[in-house]
Amino acid sequence: PQYKFKTFETIIPKDSDGIYRYAVRIAKWIGPKTGRALIDAYGVDTLDILRKDPERVATDIKGITIERAKEIQAHIIQNQEIEGALVELERLIGGAGLRQSLPMDLVQKWGGNAVAMLKENPYRLIEMKQVGFLSADRLAVDRFKVKPQSVFRQQAAVIHAIREKTHGEGHIWVDVKELMVEVKRIIRCDPGEGLARAIEKGTVVQEGWLIALRSMAKDERYIAEKVKRLLE
């Protein structure tokens, strides 16, 4: 049996011990001694006061300056945003066959903006380790309702096809006409707009009739320059 939730409410710890552990864990300047002093002073209102009144904290608690109090305030607020993002990411991508650590990795990469960035372009998932185009595509179409001809989908398919064609082959450049045929086979629509966007964004580079991922082309040039110097 499994439970499926339609709504949720984030519950912040209300008992003193829970608040103490929570504050010590997430805030840079709150160690065990300072955490206990905060609990002794404010009890169950500790988090609210840390979040809303850093001046009071700096006045009441020994060892916490106004600068530190404001930094603690930022940590508390930031952590709230991250927790909310994690819950929303679980709703968006959880149970889709992707690794369980992915929501946390997304938050670490993009912070509280992770949800908004993923909603704008779910194909950003292919930037993460162990997430391929096919998995991201299935998720984007099924859950994010991305249209088959979306430029984001085209662009992601172009990157995927370049990686597939160059993987283990010992070269990084791909014939652009062959690439377009392969991409069209994968997504069943003309990928011309996606290719143009990838070039415009600098994700891929084109030289004549050849195309490559910009990062790989940059590495190739770097290595070639080193070899050239050695030969000279």
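Only a predicted model underlies this, so the values are computations on that prediction, with no experimental measurement involved.

What counts, and at which threshold
Chains are numbered independently. Their residues run from 1 in the order of the written sequence. Selection of residues for local features in this predicted model requires a pLDDT of at least 70, selection of side-chain atom pairs for listing and counting requires 80 or more, and totals for whole chains, interfaces and linings are taken over all residues. The side-chain figures draw on all heavy atoms in the structure; neither hydrogens nor water molecules are used. Each helix corresponds to a stretch of at least 4 residues labelled H or I by DSSP, and each strand to a stretch of at least 2 residues labelled E; elements are numbered beginning at the N terminus. What makes two residues a contact is simply this: any of their non-hydrogen atoms within 4.5 Å. A carboxyl oxygen of Asp or Glu within 4 Å of a side-chain nitrogen of Lys or Arg is what we treat as a salt bridge. Exposed residues in this analysis have more than 50% of their type's maximum accessible area, buried residues have under 20%, and partly exposed residues fall in between, with area computed by a 1.4 Å probe over protein chains only.

S.K.: Tell me about the environment of Val-141, and please be specific about residues and values.
M.R.: Summarising the element assignment, Val-141 is placed in helix H8 (residues 133–142). Put simply, Val-141 and Leu-86 are 55 residues apart on the chain and 21 Å apart in space, counted from C-alpha to C-alpha. Filtering out sequence-adjacent residues up to four positions away, Val-141 remains in contact with Tyr-123, Val-146 and Arg-153.

S.K.: Go over the pattern of salt bridges, please, and point to the residues and values.
M.R.: Applying the stated criterion across every chain yields a total of 11 salt bridges. Put simply, Lys-28 and Glu-71 hold a salt bridge, and the shortest N to O gap is 3.9 Å. One end of the pair, Lys-28, is in the loop between helix H1 (16–26) and helix H2 (32–42); the other, Glu-71, is in helix H5 (residues 66–93), with 43 residues separating them in the sequence. By relative accessible area, Glu-71 is classed as partly exposed at 27%. Taken together, the shared-partner salt bridges in this structure form one network comprising Glu-88, Arg-91 and Lys-119.

S.K.: Explain the environment of Phe-144 residue by residue, including any values.
M.R.: Relative to the helices and strands, Phe-144 is located in the loop between H8 and helix H9 (151–166). Owing to a relative accessible area of 17%, Phe-144 belongs among the buried residues under this scheme. Each C-alpha atom of the pair Phe-144 and Arg-99 lies 18 Å from the other, and the pair is 45 residues apart in sequence. In contact with Phe-144, not counting residues within four places along its chain, are Leu-92, Ile-93, Leu-118, Lys-119, Pro-122 and Leu-139.

S.K.: An account of unusual backbone geometry is requested, with residue identities and associated values reported.
M.R.: Within the chain, Gln-130 stands out as a residue other than glycine whose phi angle is a positive 65°. Its place among the elements puts Gln-130 in the loop between helix H7 (114–120) and H8. Classification of Gln-130 as exposed rests on a relative accessible area of 71%. If you check the backbone angles, Arg-188 has positive phi at about 60° while not being a glycine. With respect to the helices and strands, Arg-188 occurs in the loop between helix H10 (176–187) and helix H11 (192–201). With relative accessibility at 75%, the residue Arg-188 sits in the exposed group.

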